[in-house]
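# Structural overview
Listed below are the residues making up each chain.
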Protein chains: 2
Amino acid sequence: MDYRTIFIDYLQKRGLRLTRVRSIILEAVFTTHSHFDADELYDLVRHKDVSRATIYRTLPFLVDSKLVKKSMFGLNKEKYEHIYGHPNHFHIICTKCGRVIEQIDKGIECSIIRLAENSGFEYKDYNLRISGICSLCNNNE
Amino acid sequence: MDYRTIFIDYLQKRGLRLTRVRSIILEAVFTTHSHFDADELYDLVRHKDVSRATIYRTLPFLVDSKLVKKSMFGLNKEKYEHIYGHPNHFHIICTKCGRVIEQIDKGIECSIIRLAENSGFEYKDYNLRISGICSLCNNNE
DNA sequence: ATGGTTGCAAAGGCTTTGCAAACAT
DNA sequence: ATGTTTGCAAAGCCTTTGCAACCAT
C-alpha cells in the first residue's frame, strides 16, 4: 500500500482533509532519504508557501499514522525519519563527526521483544542508539 | 572509588573548583533514585540557594565525568540519571501510564557491542528504549 | 454554508549567556 | 591577587497557539 493512501485514510477517519499543503509536506518527507528535523523539512517546502507552523501541525499526524517516527538522537532538536516501508532499524552514531549509520539485526530485535514480554509489557516499539567512534575518525588521529 | 572523588578529580584536572553549590548538586543527584530533569533537580536544591543557571552549568560536568548520563526518553525535556556504580541498563516505558522500568541483559548488550565493532566503530555506549503497554494498563481495559 | 486549515505573529517552555558581585585558592 | 563561580535577568532556540482569512466539501 502506498504511503499516500495510508495518510488519506488516516486523515479521513478523523474528519481531516488532505490539503495541498499537507500533500507537499508528505511528499517532502518521503523524498528525503535522511533524518530531518522540523526546520530542515521547512527548508524543503518553504518555497512552496508552506509555513513553519503547518510543519509543526502536520508532523504529529505523520507520526500518529506510523508513516514517520521520532528518531531520538536526543541531542537537542527532535529528529524524524520516514519509516513506512523500512524495517525497524537502529542507529550507530559517531560522537566525533556525527555520522549516522543504520543497521538491522533481527537477533537483537527478537531479544528485545522477548525481553519486553518477559517483563510483562505488550511490545510496541524500540529505539536503539549506539555511540562510538567511526573508523574514519579513528584513523585521522 | 567514591563519586565525590571522581568529581573532584574531574574538576581539578580542568582547573575547576568543588564549591559549596557544586557539592550540593552532586549530593542531590546521587540521593535521587529516579530519573530527573533540570527542573526537578532544581526543586531538590533551591532551598539551599542554588539557582537554575548553576544547575544547567553543572550538569554538563557531571555528564562529562561519566557520573551522570542523559537518559533519552526524548519526550520533551532532557532527562538524566546518575550511572556511576550502576551497570548499563535500558528502559521499558509504558506509553499509556508513563511508568518506566529498568532492565539489564548482558546478552543483548554483547550483541550490541559486537555489532558496533563489526560496523567499524569503536564502541562507546548505547541507549535502548523499549515502548509498550504495561500489564497494569492492559488489565484496566 | 460549514467546519477544517493556513500563515502570521505572539506566546510558551526549556536552556544558555552577559554581567557584576562573591568566592576559592 | 587572581581567576573561577554564582545568581539574576535577559536573550535564545525550538515549538505551540490564538486569530482572522482561506479553503474543501
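Reference entry: report on the structure contained in this document. Since the model is a prediction, treat every value here as computed from it, not as a measurement.

### Details of the relation of the copies chain B and chain A
If you rotate chain B by 180 degrees and push it 0.0 Å along the axis, it lands on chain A with an RMSD of 0.1 Å. Expressed as a symmetry operation, the mapping of one chain copy onto the other fits a two-fold axis. Across chain B, the smallest distance between a C-alpha and the rotation axis is recorded for Leu128 of chain B, namely 2.2 Å. Mapped onto chain A, 100% of the interface residues of chain B are again interface residues, and the two copies thus contact each other with one and the same surface.

### Here's the deal with the nonpolar core
If you look at the biggest cluster of nonpolar residues, it comprises 32 residues, and the most contacted ones within it are Leu128 and Ile130 of chain A together with Leu128 and Ile130 of chain B. Broken down by secondary-structure element, the contributors of at least two residues to this core are β3 (90-94), α5 (106-118) and β5 (122-133) of chain A together with β3 (90-94), α5 (106-118) and β5 (122-133) of chain B.

### Notes on the protein's contact with DNA strand C
In the neighbourhood of DNA strand C, 19 residues make up the surrounding shell, with Arg22, Asp49, Ser51 and Thr54 of chain A together with Tyr56 of chain B lying closest. Protein-adjacent atoms of DNA strand C, using a 4 Å cutoff, are sugar or phosphate at a proportion of 68%. At 2.2 Å, a side-chain N or O of Tyr56 of chain B approaches a phosphate oxygen of DNA strand C. Looking at the surface near DNA strand C, the elements with two or more residues in it are α2 (20-31) and α4 (52-64) of chain A together with α4 (52-64) of chain B. For the surface near DNA strand C, a count of residues per class yields seven nonpolar, four polar and eight charged.

### A short note on the pattern of salt bridges
Across all of its chains, the model carries 18 salt bridges over all chains by this definition. Between Glu40 of chain A and Lys79 of chain A there is a salt bridge, and its shortest N-O distance comes to 3.5 Å. Residue Glu40 of chain A is found in helix α3 (residues 38-45), and its partner Lys79 of chain A is found in the loop between β1 (68-70) and β2 (80-82); the two are separated by 39 residues along the sequence. The partner of Glu109 of chain B in a salt bridge is Lys106 of chain B, with the nearest N and O atoms 3.8 Å apart. On the criterion of helical spacing, the pair formed by Glu109 of chain B and Lys106 of chain B is a turn pair, its members being three residues apart in helix α5. Judged by its relative accessible area of 48%, Lys106 of chain B is partly exposed. Shared partners join several salt bridges into a network, and the residues in it are Asp2, Arg4 and Glu27 of chain A.

### Concerning the packing of helix α1 (residues 3-13) of chain A against α2 of chain A
Residue and element names in this part refer to chain A. Running from N to C, α1 and α2 cross one another at 140 degrees; their axes reach a closest spacing of 11 Å. On the basis of their axis angle, the class for α1 and α2 is oblique. In terms of crossing hand, the pair formed by α1 and α2 is right-handed. Contact residues: Tyr3, Arg4, Phe7 and Leu11 in α1; Arg22, Leu26, Glu27 and Phe30 in α2. Residues belonging to the contact of α1 with α2 are distributed by class as follows: five nonpolar, no polar and three charged.

### Observations concerning the protein's contact with DNA strand D
Neighbouring DNA strand D are 19 residues, the closest being Tyr56 of chain A together with Arg17, Arg22, Asp49 and Thr54 of chain B. Of what DNA strand D places within 4 Å of the protein, 67% of the atoms are sugar or phosphate. In this structure, a phosphate oxygen belonging to DNA strand D sits 2.6 Å away from a side-chain N or O atom of Thr19 of chain B. One nitrogen or oxygen atom from the side chain of Ser51 of chain B is found 2.6 Å from a phosphate oxygen belonging to DNA strand D. Counting only elements with at least two residues in the surface near DNA strand D, the list comes to α4 of chain A together with α2 (20-31) and α4 of chain B. Here the residues of the surface near DNA strand D are counted per class, giving seven nonpolar, four polar and eight charged.

Thresholds applied
Starting afresh in each chain, residues are numbered from 1 along the sequence in its written order. Chains and ligands are labelled by the order in which they are written, letters from A for the one and numbers from 1 for the other. Local features are withheld for residues below a pLDDT of 70 in this predicted model, meaning they are given only at 70 or higher, and side-chain atom pairs are given and counted only at 80 or more; totals for whole chains, interfaces and linings count all residues. In computing side-chain properties, one takes all heavy atoms of the structure into account and sets aside hydrogens as well as water. Superposing the copies works by least squares over the C-alpha atoms of residues that have pLDDT at least 70 in both of them. Only heavy atoms enter the contact rule, under which two residues are in contact if any of them lie within 4.5 Å. Put simply, buried Ala, Val, Leu, Ile, Met, Phe, Trp, Tyr and Cys residues joined by side-chain atoms within 4.5 Å make one nonpolar core. Here's how the labels work: a residue is buried when its accessible area is under 20% of the maximum for its type, exposed when over 50%, partly exposed in between, all with a 1.4 Å probe on protein chains only. Here a helix means four or more residues in a row that DSSP labels H or I, a strand means two or more in a row labelled E, and each is numbered from the N terminus. One heavy atom within 4 Å of a molecule or strand makes the whole residue count as near it. Polar contact criterion, stated in full: a pair of N or O atoms within 3.5 Å, where within protein one must be able to donate a hydrogen and the other to accept it, and residues adjacent in sequence count only if both atoms are side-chain atoms. Classification convention: Asp, Glu, Lys, Arg as charged; Ala, Val, Leu, Ile, Met, Phe, Trp, Tyr, Cys, Pro as nonpolar; all other residues, Gly among them, as polar. Salt bridges are defined as contacts in which a side-chain nitrogen from Lys or Arg sits within 4 Å of a carboxyl oxygen from Asp or Glu. Axis lines are fitted through C-alpha atoms, for helices just across the contact stretch, and the angle between N-to-C directions can take any value from 0 to 180 degrees. Comment on the angle field: the value is read as roughly parallel under 35 degrees, roughly antiparallel over 145, roughly perpendicular from 65 to 115, and oblique elsewhere. Helix crossings fall into two classes, left-handed where the near helix is turned counterclockwise from the far one by less than a right angle and right-handed where it is turned clockwise.

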